[in-house]
Amino acid sequence: MEELISKCWQINKAFEISVQALDNEMKTIIHIADDNEPLMVIESRKRMLVEIQKELVQANEDSFCYQTDPFQLSYLAVPINVDDGYVGMVVAGPFLNERVTDHMIWNVIKENNLENNWLKQLETYYKSLPLLANSYLAIGDLLVNIVIHPHVKAQIISSKNSGKKYRFDVEPEDYDQSGIEIKQRYDAEKKLLHFIENGDKENAMKAMLDHHIGDFLYRVPGNPLRARKNITFSGNTMYRIAAGNGGVEPQYLHAISEKYALKIESAVTMSELNTIDVSMIDEYCHAVKNFAINGYSPVVKKALMYINLHYNESINLQTVADVIGFNRTYLAKKFKAEIHLSVVDYIQTKRIDEAKFLIDIGRLSTTEIGLQVGFSSYNYFCKVFKEITGMTASEYKRNKQVEKEAHA
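Just so it is clear, the structure is predicted and the values come from calculations on it, not from any experiment.

Here we have 5 strands laid out as an open sheet, ordered β2-β1-β5-β4-β3, and antiparallel in their pairing. Taken across any chain shown, the strands that pair with only one partner, and hence form the sheet edges, are β2 (28–32) and β3 (65–68). For this sheet, the mean angle separating the axes of adjacent strands, direction not counted, is 20°. When β3 meets strand β4 (residues 74–82), the two strands line up antiparallel, connected through 4 bridges. Across the sheet, the residue bridging to Cys65 is Ala77, located in β4. Across the face of the sheet, helix α1 (residues 2–15) comes into contact with β1 (19–23), β2, β4 and β5 (85–95) while running at roughly 25° to β2. Along the sheet, helix α2 (residues 39–58) makes contact with β1, β2, β3, β4 and β5, crossing β5 at roughly 140°.

Set out below in structure tokens:
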């Protein structure tokens, strides 16, 4: 028993994961975990462990069971066998196999028929869990070997320090101490973040031009695109923080940040990254100006958040009302009064804004873009695009190409 408990602590420390050992009557021998688990998660795990035990009783001693519950929480379980007979199990988890996103949490809430006010609590809980992704297979293999083999206490040895004073790769004297150009860059950065924080798109765009002082492509020798991506990733982080200081809710900021992180990584040219940079500043300023928490009622804030995360899906007024838990008539009235657009008009505007961005990037056809931003048919996409912009998607695309050639 003492060795089993020691092994459980080993697993917990090595993989930073909760560990529970149970006997064949499902009584807990040891449970190493934080105490922040929601009660519904605990109850779900109890039911799942009964099913896992049924599988392990029939399994070989060198097997492990992997299972995911309705809350998208995953577990690894290894049988404890004595004299070829099942006497209990060691369970590692919960852990996650995908990154925490608002979309994921909304799905969990929907699938488990939870109230919408669970969003924040579940987000906090999920972010406290380890993300194993594909490594769970390797960890499962290690758990089997830890549990079934006798524990061997390891001895620690260390090499003698040479006694030489360590010199950092970068020392202050390696750089020019005048720093005029560096000071200009940081001053411009402060201005840019200040304008984003205040939702001032016009001045933010001007400050962006001043901010891009200096060439940092040397940071990844031989791969300037990678270096430029790294700089754009940093910009995404700074802009998100500035918009947060401007009052935008974290859930919405997270969605914007995640969207651009994926776009940055998938970019294949410098011009794409330039377009993404401009679009990021535009959207973060827009978020501060239009979605800052001050001044909006709870129902409108919830509706905006849901639409901004799911505009590219098949949603309408009734869908939004059902998900956020408000009467559709009440939602329509409050939304129109505060946003000055109907829910449907806002959804369409959001889709067309995203379509314009994708056209600017230039990697998809207008047909593909229409479907990607949530329209059920290309003809309907063209109709709405012209109603909102005053031109067809093809005309908009041609105009953008002319602009690029003029600035080439």
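The terminal C-alpha atoms of helix α9 (residues 250–266) lie 24 Å apart, and with 17 residues this matches the ideal 24 Å at 1.5 Å per residue to within 8%. Counting buried positions along α9 gives 12 out of 17 residues, so the element sits mostly inside the fold. Along α9, the residues that are buried comprise Gln251, Tyr252, Leu253, His254, Ala255, Ile256, Ser257, Glu258, Lys259, Tyr260, Lys263 and Ile264.

Chain-level statistics for the protein give a pLDDT mean of 83 and a share of 89% at 70 or above. Taken together, the stretch residues 170–178 has pLDDT below 50 and engages in 5 contacts with residues farther than four places along the chain or on a different chain.

A few words on helix α5 (residues 136–148). Residue pairs three or four apart in sequence face the same way in an α-helix, which turns once every 3.6 residues. A rise of 1.5 Å per residue sets the reference length of α5, with its 13 residues, at 18 Å; its end C-alpha atoms lie 18 Å apart and thus fit the reference within 8%. Listed as buried for α5 are Tyr136, Ile139, Gly140, Leu143, Val144 and Val147. Looking down the long axis of α5, one finds its buried residues gathered within 145° of arc, a one-sided arrangement. Where the residues of α5 are buried, they touch α1, β3, β4 and β5.

With respect to the helices and strands, Gln348 occurs in helix α14 (residues 343–361). When neighbours within four sequence positions are excluded, Gln348 is seen to be in contact with Phe375, Tyr380, Val384 and Ile388.

With that out of the way, let us pick up the pattern of salt bridges. Evaluation of the coordinates by the stated rule reveals 18 salt bridges. Across the pair Glu25 and Lys27 runs a salt bridge whose closest N-O atoms are separated by 3.5 Å. The residues Glu25 and Lys27 share a single accessibility class, namely exposed. A salt bridge links Lys263 to Glu354; the nearest nitrogen and oxygen atoms lie 2.7 Å apart. Taken as a pair, Lys263 in helix α9 and Glu354 in helix α14 lie far apart in primary sequence, 91 residues in all.

Turning to a negative patch on the surface, a few remarks are in order. Residues Glu61, Asp62, Asp83 and Asp84 make up a contiguous surface patch of negative charge. Mapped onto the elements, Asp84 comes out in the loop between β4 and β5. Classification of Asp84 as exposed rests on a relative accessible area of 79%.

The rules behind each value
Residues numbered from 1 in each chain as written. Predicted model: local features only at pLDDT ≥ 70, side-chain atom pairs only at ≥ 80, totals over all residues. Heavy atoms only, no water. Pairing = 2+ DSSP bridges. Helix = DSSP H or I, 4+ residues; strand = E, 2+ residues; numbered from the N terminus. Axes fitted to C-alpha atoms, helices over the stretch in contact; angles between N-to-C directions. Contact = heavy atoms within 4.5 Å. Expected span 1.5 Å × (residues − 1). Buried < 20%, exposed > 50% of the residue type's maximum accessible area, 1.4 Å probe, protein only. pLDDT = per-residue confidence, 0-100. Arc of directions from axis to C-beta. Salt bridge = Lys/Arg side-chain N within 4 Å of Asp/Glu carboxyl O. Patch = residues over 30% accessible without salt bridge, like charges linked within 9 Å, V, L, I, M, F, W, Y side chains within 5 Å. Areas by Shrake-Rupley, 256 points an atom, 1.4 Å probe, with all protein chains shown as cover. Lys, Arg positive; Asp, Glu negative; His and termini not counted. Charge placed at Lys NZ, Arg CZ, Asp CG, Glu CD.

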